[in-house]
Amino acid sequence: MRYILLTLLLLTGCSAPTPKFILSPQIFWPQSTLLQQARFAFAVSDERGRPYSLRIQKGTDIQQINASNDISADLQRTMAQALTDQAAVLDQNSNTQMTIKITLLQALVDQRSLEHAVTNQVSLTVFVQSSQGTFSKTYSGDSSYTAPFRMDVAAVERELRVLTEQVLGQILQDNSWHQAVRG
């Protein structure tokens, strides 16, 4: 009986808990008057075909993990602050609507016996709809690295966060959507 209890206890201790994965990008953009004449509604929508943010593959085992936080809400807060720092007026009652659509945002981990490889992918689409028409442009980036031993969740979170911040920076640096939000 003791042997069975000891075996069950050891097996229970060997199972790996599902890691928490938090992605909360921040972007600090200098104040400017680039969007001074712009008044628009702003939203972020999650339109990923795959809802997970982290996929861990160990041989034939695949574990898909959703983010522990609301990525859409965090991106919306971050970008809303950056837009208002550029003098935009965010007005939910405006006829002009700017939406950032999350189409891809994931870290793919291939865990091997002595190392792991991580590939990060981010794709965000800016969609503006106004009385003068529509505007749509996709901004994306990817990164990858290989490191020894087991995956460190904090390192994967950090790398995906940094990549997401870089893509948000691409959006803010690109003036092509400015005329569309000015209506």
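Residues numbered from 1 in each chain as written. Predicted model: local features only at pLDDT ≥ 70, side-chain atom pairs only at ≥ 80, totals over all residues. Heavy atoms only, no water.

### Quick look at the pattern of salt bridges
Evaluated as defined, the whole model comprises eight salt bridges. Note that aspartate 91 is salt-bridged to arginine 39, the shortest N-O span being 3.5 Å. Of this pair, aspartate 91 sits in the loop between strand S4 (89-90) and strand S5 (97-111) while arginine 39 sits in strand S1 (residues 39-46); the two residues are 52 residues apart in sequence, bridging distant segments of the chain. One salt bridge in this structure joins arginine 161 and glutamate 165, with 3.2 Å as the shortest N-O distance. Taken together, the residues span about one helical turn, with arginine 161 and glutamate 165 both in helix H3 (residues 153-173) at a distance of four residues. One salt-bridge network, held together by shared partners, links Asp110, Arg112 and Glu115. (Salt bridge = Lys/Arg side-chain N within 4 Å of Asp/Glu carboxyl O. Helix = DSSP H or I, 4+ residues; strand = E, 2+ residues; numbered from the N terminus.)

### Thoughts on helix H2 (residues 71-85)
Compared with the 21 Å implied by 1.5 Å per residue over 15 residues, the 21 Å span of H2 between its first and last C-alpha is a close match. Every buried residue of H2 is listed here: Ile71, Ser72, Asp74, Leu75, Thr78, Met79, Ala80, Ala82, Leu83 and Asp85. Buried residues along H2 sit in contact with S1, S4, S5 and H3. By the N-cap criterion, in which a side-chain oxygen at the helix start approaches the backbone nitrogen of a residue two or three places on, H2 is capped by aspartate 70, the distance to serine 72 being 3.2 Å. (Expected span 1.5 Å × (residues − 1). Buried < 20%, exposed > 50% of the residue type's maximum accessible area, 1.4 Å probe, protein only. Contact = heavy atoms within 4.5 Å. Polar contact = N/O pair within 3.5 Å; in protein donor to acceptor, adjacent residues only side chain to side chain.)

### Concerning the nonpolar core
In this structure, Met98 and Trp177 are the most contacted members of the largest nonpolar core, which totals 44 residues. Discounting chain neighbours no more than four positions away, the residues touching methionine 98 are Phe40, Ala41, Phe42, Ala43, Leu83, Val126, Phe127, Val128, Trp177 and Val181. (Core = buried A, V, L, I, M, F, W, Y, C linked by side-chain atoms within 4.5 Å.)

### Focus: unusual backbone geometry
Located in the positive-phi region is alanine 87, a residue other than glycine, with phi close to 80°. With respect to the element layout, alanine 87 can be found in the loop between H2 and S4. You can call alanine 87 partly exposed: its relative accessible area is 24%. A positive phi is found at phenylalanine 149, a non-glycine position, where the angle reads about 65°. Mapping phenylalanine 149 onto the fold places it in the loop between strand S7 (133-148) and H3.

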